[in-house]
Every structure is written in C-alpha cells, then in structure tokens.
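Chain by chain, the residues:
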Amino acid sequence: GHMSLIRAAHRQTQVTIVSIFVNPLQFGPHEDYARYPRDLTRDLSLAKAGGCDFVFAPDVRQIYPDGFCTHVEVEGLSDRLEGASRPGHFRGVTTVVMKLFHVAQPSVAYFGQKDYQQALLIQRMVKDLGVPVAIRLMPTVREPDGLAMSSRNAYLTAEERQHATVLYRALRAAKARMRSGERNPRRVIEAMRKLLRQARTVRVDYLAVVDADTLEPLEALRGDVAILVAARVGSTRLIDNLLVDVS
C-alpha cells in the first residue's frame, strides 16, 4: 500500500521523500505500539525500488525532544468514528504530520484512501493553517481477495485472515444496495452488520454511512457518500472504506 504512494510520487514529482516513523502519539496506552512491525532495512530497500530519492527516518527523541508540549488538533472531524474509538489518536497524527511537513517542506503529499478519515483531517488542517502543500488521496491497494493491505494484516492467523475478507464483502454489498436504489442508510448498515455476523472471529467496532466530505450522518443517501467499517478480527483491529457517488 505504501509502495503505491511512493510510485505515484515518483511518477508525478521531481523529488520524492519518504518519512519512516512509528509515531507513539497516535497509539493508545493499550494499543500495539511496542509490537508494531518495524524493518528499516527492508523499508529502505523498498523505498529505493519505488523511486524514492530521500528517506527521513528519525528516532522518537528527534521528533519529540525533552519538554515537547505542542500539539495540533482538528476539532469536530477528529471526535467521531476512529476518533471516538481511539481517543487522542488523531491529535497524534496531525501533530506529527505537521512537524514532518515543516521539516520536509513538500509541495505535494500522498496519502492512502484506506485511512480516509485521517486524510480528511489532514486536508482540513492544511486548509485551516495555510500550509502550502497539496494533498493527494490515492486508492486503497487490496489483496487479490479484496482485503485492504495493512501492516496489521501480519497479526492475523490463517483462519482470521480468511474471515477478514468479510469487511470488503460488506462494503461491496452496501455499495450494491445503493446502486440498486436504496437510500435509507440504516437499512444499508443493517445489511452490512448481518453479513459481518457470519464471520465467527469478527467483532464490529463501528459501521457508518456518512457524507464523504464532512463525515456527518445522513438521513437519506445523496451525493458523495463514504461507507466505513472498523472491526476486530480476532485481536487485530482493521479498518476499510468505500466511496460511492449516489447522484
């Protein structure tokens, strides 16, 4: 997934910089910061293969020196969905992204649609604070069976990996219902929930069918709609989404 962003940047810009940093501020106290996959040697090799010119791979003390106490927070958008499930997560994201923008001073920054709410927050932050960088949202990269690529997929057992594909199937089923004329978001969500219940190891965190620009709930489906799901597959938390034009 990250490789698709590097390749896009290489194709579309003159110089490509990749930041590699597992950010402690965006992990909760009981989340997987300590065991989150890290392999700098492999990452450097992949970045070079994708056309990267420079890598910035700081340690935590470089980003957050002693006494660090400044944070960036986008109100409203950061309080719902992922923000409600992971308090403080987005404050950590926007703080580190703003710092990385300040260090690298890019003209364009590439983000994946899989973390859709994150991308919206960064777009809002850039607009509100007048940061001179264009945000480009690139499509989610998927495995052949539809599972969105993620570092956390490595945590899944063989059985859980098979069950995890139900997330994308539920999103596709929701999109199909909208295409066939369904305009009631509650019925769409219930159909998704019914499908997700069929996978024994899957526990839903949230399902949402919302305005794609604001993430506000909709009484009736219209315009650009985002379908979002977060669920635990075994002990691994996964997220995914689809965007649908209901016009």
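These remarks concern the structure in this document.

What counts as what
Residues numbered from 1 in each chain as written. Predicted model: local features only at pLDDT ≥ 70, side-chain atom pairs only at ≥ 80, totals over all residues. Heavy atoms only, no water. Phe/Tyr/Trp six-rings, centres within 6.5 Å; stacked < 30°, edge-to-face > 60°. Lys NZ or Arg CZ within 6 Å of the ring centre and 35° of its normal. Helix = DSSP H or I, 4+ residues; strand = E, 2+ residues; numbered from the N terminus. Contact = heavy atoms within 4.5 Å. Salt bridge = Lys/Arg side-chain N within 4 Å of Asp/Glu carboxyl O. Buried < 20%, exposed > 50% of the residue type's maximum accessible area, 1.4 Å probe, protein only. Core = buried A, V, L, I, M, F, W, Y, C linked by side-chain atoms within 4.5 Å.

1. Points about the packing of aromatic side chains
Under the definition given, this model contains 4 aromatic pairs. Here tyrosine 64 and phenylalanine 68 contribute two aromatic rings whose centre-to-centre distance is 4.9 Å and whose plane-to-plane angle is 70°, an arrangement assigned as edge-to-face. Put simply, the rings of Phe21, Tyr64 and Phe68 touch in pairs and so form one group of aromatic residues. In this structure, arginine 35 packs its charged tip against the face of tyrosine 155, placed 4.0 Å from the ring centre.

2. Side note on the environment of threonine 140
Tracing the chain through its elements places threonine 140 in the loop between strand 4 (134-138) and helix 7 (158-164). In the structure, threonine 140 is positioned 136 residues away from serine 4 in sequence and 9.0 Å away in space, judged by C-alpha atoms. The residues contacting threonine 140, other than those within four sequence positions of it, are Gln113, Lys114 and Ala148.

3. Some thoughts on the pattern of salt bridges
Between side chains of opposite charge, pairing is possible as soon as their charged atoms come close. As enumerated under the stated definition, the model contains 16 salt bridges in all. A salt bridge links aspartate 145 to arginine 161, with the shortest nitrogen-to-oxygen separation between them at 2.9 Å. One end of the pair, aspartate 145, is in the loop between strand 4 and helix 7; the other, arginine 161, is in helix 7, and 16 residues separate them in sequence. Given a relative accessible area of 39%, aspartate 145 falls into the partly exposed group. You can call arginine 161 partly exposed: its relative accessible area is 23%. One salt bridge connects arginine 186 with glutamate 219, and the closest N-O pair in it is separated by 3.8 Å. Of this pair, arginine 186 sits in helix 9 (residues 185-196) while glutamate 219 sits in the loop between strand 5 (202-211) and strand 6 (223-233), and the two are 33 residues apart along the sequence. A single salt-bridge network, built from bridges that share partners, covers Glu31, Glu82, Arg86, Asp205 and Arg237.

4. Quick look at the nonpolar core
Val97, Phe101, Ile122, Met125, Ile135 and Leu228 are the most contacted members of the largest nonpolar core, which has 34 residues in total. If you list the elements that add at least two residues to this core, you get helix 5 (89-104), strand 3 (108-112), helix 6 (116-129), strand 5 and strand 6. Take this core: its biggest share by element is 7 residues, from helix 5. Ignoring anything within four residues of it in the chain, the contact list for leucine 228 reads Leu81, Tyr116, Leu171, Tyr206, Leu207, Ala208, Val210, Asp240 and Asn241. Counting 30 residues, the second-largest nonpolar core is a separate cluster that includes Ala164, Tyr168, Ala231 and Val244.

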